[in-house]
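# Structure assessment
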Amino acid sequence: MNNIEAKKVSESFTTFTELVMPNDTNPMNNLMGGNLLKWMDVVSGICAGKHARKVAVTAAVDNVSFSRPIKIGDVVTIDAQVTRAFHSSMEIFIEVYKENIRTNSGKIKCNEAYYTFVALDDDGRPTPVPEIIPETDDERHRYERALRRRELRLILGGRMKPEEATELKALFM
Ligand SMILES: CC(C)(COP(=O)(O)OP(=O)(O)OC[C@H]1O[C@@H](n2cnc3c(N)ncnc32)[C@H](O)[C@@H]1OP(=O)(O)O)[C@@H](O)C(=O)NCCC(=O)NCCS
């Protein structure tokens, strides 16, 4: 808990739209994974920055799979929302959609991912962020599960011992 006023998820919801151009693609005319990761990083950084009203830096990116190719000429939409804020860190949920506007394909979901951002003060030190207020069922679901995901990524990042992971332990009790 801190004394900063909590904020709703909708207050920092961020969306981004881009047309896949030749320079964004690999020799198969598919969007390069690295370009998509960069766009996802930018969108989630804006979302985290809007929530914290501070500079926010990427601390971790959870597993991302590229199961559906995104083709040259497709329109990419990336939505980002804060699922939960901890002390100085925020978990951001990203959803990626592609759309072929010539064939009227509609939006097709391609990827999702969780990014972790840390808010920094003017001296570059981690600084507290507002808590998040989940309002919808989906927001509440992601908010509750965020503690487990946080423990898992801190363990994988060598920042927590498995025996300290109380939320994960509770899953198996
Ligand atoms: C992220 C960073 C600011 C953390 O700094 P630090 O000195 O380790 O600070 P702390 O140990 O106080 O941790 C601060 C917060 O970061 C979180 N954090 C740090 N590493 C993390 C990781 N790998 N995964 C998830 N959260 C992480 C901590 O859990 C803590 O969260 P909390 O305040 O909500 O509890 C620092 O590692 C950094 O500057 N990294 C580079 C960021 C960057 O440049 N990113 C762009 C890619 S190069």
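Our structure is the block above this text.
This is a predicted model, so every value here is computed, not measured. (Residues numbered from 1 in each chain as written. Predicted model: local features only at pLDDT ≥ 70, side-chain atom pairs only at ≥ 80, totals over all residues.)

### Considerations on the overall build of the chain
Quick reminder of the rule: Segments assigned H or I by DSSP are reported as helices when at least four residues long, segments assigned E as strands when at least two residues long, and all are numbered from the N terminus. C-alpha atoms define the radius of gyration, and 2.2 Å times the number of residues to the power 0.38 defines the globule rule.
For the chain, the helix and strand inventory stands at three helices and seven strands. Secondary structure elements in the chain, listed N-terminal to C-terminal, are β-β-α-β-β-β-β-β-α-α. Radius of gyration (C-alpha) of the chain: 17 Å, near the 16 Å computed for a compact globule of 173 residues. Along the first, second and third principal axes, the C-alpha atoms of the chain reach 50 × 35 × 35 Å.

### A look at the site of the ligand
Condition: Defining nearness, a residue is near a molecule or strand when the C-beta atom obtained from its backbone falls within 6 Å of it. Put simply, Ala, Val, Leu, Ile, Met, Phe, Trp, Tyr, Cys and Pro go in the nonpolar bin, Asp, Glu, Lys and Arg in the charged bin, and everything else, Gly too, in the polar bin.
Looking at the ligand, there are 15 residues lining it, with Ala60, Phe86, His87, Ser89 and Gly157 nearest. Ranked by the residues each element gives to the shell around the ligand, the list is headed by strand 3 (residues 55-61), at four residues. By residue class, the composition of the shell around the ligand is seven nonpolar, six polar and two charged.

### Observations concerning the nonpolar core
Soluble globular proteins: nonpolar side chains tend toward being buried together. We apply this condition: Any nonpolar core is a set of buried residues, restricted to Ala, Val, Leu, Ile, Met, Phe, Trp, Tyr and Cys, that join up through C-beta atoms within 7 Å. Using C-beta atoms placed from the backbone, we call a residue buried if 20 or more other C-beta atoms fall within 10 Å of its own, exposed if 12 or fewer do, and partly exposed for counts in between. Whether two residues are in contact is decided by their C-beta atoms, placed from the backbone, lying within 7 Å.
Ranked by internal contacts, the top residues of the largest apolar core, which has 30 residues, are Ala48, Val82, Met90, Ile92 and Ile94. Among the secondary structure elements, those contributing two or more residues to this core are helix 1 (33-52), strand 4 (75-85), strand 5 (89-99) and strand 6 (108-120). It is strand 6 that contributes the most residues to this core, seven residues altogether. Val82 has contacts with Val9, Ser12, Cys47, Ala48, His51, Met90, Ile92 and Ile132, leaving out every residue within four places of it along the chain.

### What to know about the pairing of strand 6
To be explicit about the condition: Being paired, for any two strands, means DSSP has found at least two bridges between them.
Note: strand 3 against strand 6, six bridges, orientation antiparallel. In the sheet register, Val57 faces strand 6, and the bridge partner there is Val118. As defined by bridge partners, strand 5 adjoins strand 6 across ten bridges and the pair is classed as antiparallel. Pairing of Val96 across the sheet is with Asn111, part of strand 6.

### A word on unusual backbone geometry
For Arg53, which is not glycine, the phi torsion reads 55 degrees and is therefore positive. Take Arg53: it is sitting in the loop between helix 1 and strand 3. Unusually for a residue other than glycine, Asn104 sits at a positive phi of about 55 degrees. In this fold, Asn104 is placed in the loop between strand 5 and strand 6.

### What to know about the environment of Asn100
Its place among the elements puts Asn100 in the loop between strand 5 and strand 6. For Asn100, a count of 14 C-beta atoms within 10 Å puts it in the partly exposed group. For the pair Asn100 and Lys71, spaced 29 residues apart in sequence, the C-alpha separation works out to 8.7 Å. In this view, Asn100 contacts Asp74 and Ser105; residues no more than four positions away in its chain are not counted.

### A word on the sheet that holds strand 3
For clarity, the threshold we go by: To get an axis, fit a line to the C-alpha atoms, keeping to the stretch in contact for a helix; angles then go from 0 to 180 degrees between the N-to-C directions.
Judged by pairing direction, the sheet is antiparallel, and its five strands sit side by side in the order 2-4-5-6-3 without closing on themselves. Looking at the sheet topology across the chains shown, the edges are occupied by strand 2 (14-19) and strand 3. Adjacent strand axes in the sheet meet at a mean angle of 30 degrees, parallel and antiparallel pairs treated alike. Judged from the ten bridges that link them, strand 4 and strand 5 form a sheet pairing that is antiparallel. Pairing of Ala85 across the sheet is with Met90, part of strand 5. Along the sheet face, helix 2 (residues 137-156) touches strand 3, strand 4, strand 5 and strand 6 and points at about 85 degrees away from the line of strand 4.

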